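Commentary on secondary and tertiary structure
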Amino acid sequence: MILLNPGPVNVSDRVRNALLGPDICHRESECAELIGNVRRKLLEAFVPGAESEYTAILLTGSGTAAVEASIMSSLPPGKRLIHVNNGVYGERISSIIATQRLGIVEIKYKWDAVPDPEAILRALKQQPSAHGVVMVHHETTLGLLNPVNEVADLVDSRGGVFIVDAVSGLGGETLDIAGRHMYMVAGTAGKCIQGFPGVSFVLVRKGFMENVLKYPKRTWYLNLANYYTAQENGTVPFTPAVQVYAAFNEALSELLEEGVANRIQRYARMAALIRERMAALGVRAVLPPEFQSNSLTAFHLPEGLAYDVLHDRLKERGFVIYAGQGHLESRIFRVANMGALQESDIEGFLGAFEEVLTRANRAT
Ligand SMILES: *Cc1c(COP(=O)(O)O)cnc(C)c1O
């Protein structure tokens, strides 16, 4: 089955086979070595040349665990976060923040709108208790890229902390984490890094990590300071998903061998193939091209073709697409191109799509 949903993704045989390594105890040196390798490769991939300025902290859990851990661990007493919400994942950040009332201003937009960095700067200036800003990098809701580089510069110029949910961005989009002084960047194995779901991570600026160690613990299981301290001592606070980590380690080797820039180019090429062919078939993209990411496209459903029918007929042919969310659920469909996919897989999907569309048109 070819997965065209935004994670979990198809993985290579090499990554899959890494699950079949020897059983190892998480309190033994083999596990410490594995975790050390994963942490080192994450820095090599995402903060190249600035490895000594960042640390990578691994968590067992899906991407949301890394986002929640970042938010819960990043605030001194009495300080709050400005949060930007222009999609389902921005909404999730707002929900996480609401559980402990850690927010000060929510800057909210419609799902097809790009946040205005100036509005974020104004909020920072107006709110003395704002410690920083949290926002999504690639809003997977519609496949929209947020202006995180610009916002990072503005937050940095005010001495604020910038926290980024790059769960669906890392590996698929360029992100200048070190150059733009991003403080915390949350990611996951199971999207553009092409590993399995079950392990996520946070890249943290080392100077900031020293502060995080002193902040109040607002969560017991997801407190980043605990994970950091343990991992720096070659241990783990809780039982990690050892086999999934082993596969992640292999996926990171693959990423480094392919090269992050080449991975991004490959995704961009596949997204272009999908968009060109859909346009030729008269299927309209929801977002204008300048807002679109490299790894996901939202399309309006063709007239008279219900999502379930489209989904089921494509699945019969070996392809899984993804529904829209919220008020767009019955009006759009999404096609992601994350994972160990070849151009031939995309060609196969587009052929199947055309066939399903032609039959539907004939039937009406
Ligand atoms: C996938 C995703 C997440 C995390 O989702 P999980 O199901 O917890 O892995 C968070 N943010 C964004 C932008 C995502 O695309």
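Please refer to the structure placed before this passage.
Residues numbered from 1 in each chain as written. Predicted model: local features only at pLDDT ≥ 70, side-chain atom pairs only at ≥ 80, totals over all residues. Heavy atoms only, no water.

What follows deals with the state of the cysteines. Tallied over the full model, the rule gives zero disulfides. This cysteine, cysteine 31, is not joined by any disulfide, and cysteine 25 carries the nearest cysteine sulfur, 7.8 Å off. (Disulfide = S-S within 2.5 Å.)

This brings us to the site of the ligand. Around the ligand, the neighbouring residues are Ser62, Gly63, Thr64, Tyr89, Arg92, Val136, His138, Thr140, Asp165, Val167, Ser168 and Lys191. A distance of 2.5 Å is found between an oxygen atom of the ligand and a side-chain nitrogen or oxygen belonging to threonine 64. The contact in question runs from a nitrogen atom of the ligand to an N or O atom on the side chain of aspartate 165, over 2.7 Å. Protein contacts shield 84% of the accessible area of the ligand, which totals 380 Å² for the unbound molecule. In this structure the site holding the ligand corresponds to the largest pocket. For the shell around the ligand, the elements supplying multiple residues, two or more each, are α3 (63–73) and α4 (88–99). Considering only residue class, the shell around the ligand consists of three nonpolar, six polar and three charged. (Near = heavy atom within 4 Å. Polar contact = N/O pair within 3.5 Å; in protein donor to acceptor, adjacent residues only side chain to side chain. Areas by Shrake-Rupley, 256 points an atom, 1.4 Å probe, with all protein chains shown as cover. 1 Å grid on protein atoms, 1.4 Å probe; cavity = no way out; pocket = protein on both sides within 12 Å on 5 of 7 lines; lining within 4 Å. Sits in = over half its atoms within 2 Å of the grid points. Helix = DSSP H or I, 4+ residues; strand = E, 2+ residues; numbered from the N terminus. Nonpolar A, V, L, I, M, F, W, Y, C, P; charged D, E, K, R; others polar.)

Geometry of a packed helix pair, given as the angle between the helix axes and the separation of the axes. Across the interface, helix α9 (residues 242–258) lies against helix α10 (residues 260–280) with an axial gap of 5 Å and an inter-helix angle of 85°. Considered as vectors, α9 and α10 are oriented roughly perpendicular to each other. Each of Glu254, Leu255 and Glu258 in α9 lies in contact with α10, whose residues at this interface are Val260, Asn262, Arg263 and Arg266. (Axes fitted to C-alpha atoms, helices over the stretch in contact; angles between N-to-C directions. Parallel < 35°, antiparallel > 145°, perpendicular 65-115°, else oblique. Contact = heavy atoms within 4.5 Å.)

Moving on, we get to the pattern of salt bridges. Throughout the structure, instances matching the rule amount to 15 salt bridges. Two residues, glutamate 232 and arginine 39, come together in a salt bridge whose shortest N-O distance is 2.8 Å. On the criterion of sequence distance, the pair formed by glutamate 232 in helix α8 (residues 224–232) and arginine 39 in helix α2 (residues 29–46) is long-range, its members being 193 residues apart. The partly exposed category is assigned to glutamate 232, whose relative accessible area is 44%. (Salt bridge = Lys/Arg side-chain N within 4 Å of Asp/Glu carboxyl O. Buried < 20%, exposed > 50% of the residue type's maximum accessible area, 1.4 Å probe, protein only.)

As a further point, take the packing of aromatic side chains. Taken as a whole and assessed by the stated rule, the structure comprises 12 aromatic pairs. Where tyrosine 221 meets phenylalanine 238, the ring centres are 4.5 Å apart and the plane angle is 25°; that geometry is what we call stacked. Of this pair, tyrosine 221 sits in the loop between α7 (206–212) and α8 while phenylalanine 238 sits in the loop between α8 and α9, and the two are 17 residues apart along the sequence. The exposure class assigned to tyrosine 221 is partly exposed, which follows from its relative accessible area of 38%. Residue phenylalanine 238 is classed as buried on the basis of its relative accessible area of 17%. In this structure an aromatic cluster arises from ring pairing among Phe299, Phe319, Phe333, Phe349 and Phe353. (Phe/Tyr/Trp six-rings, centres within 6.5 Å; stacked < 30°, edge-to-face > 60°.)

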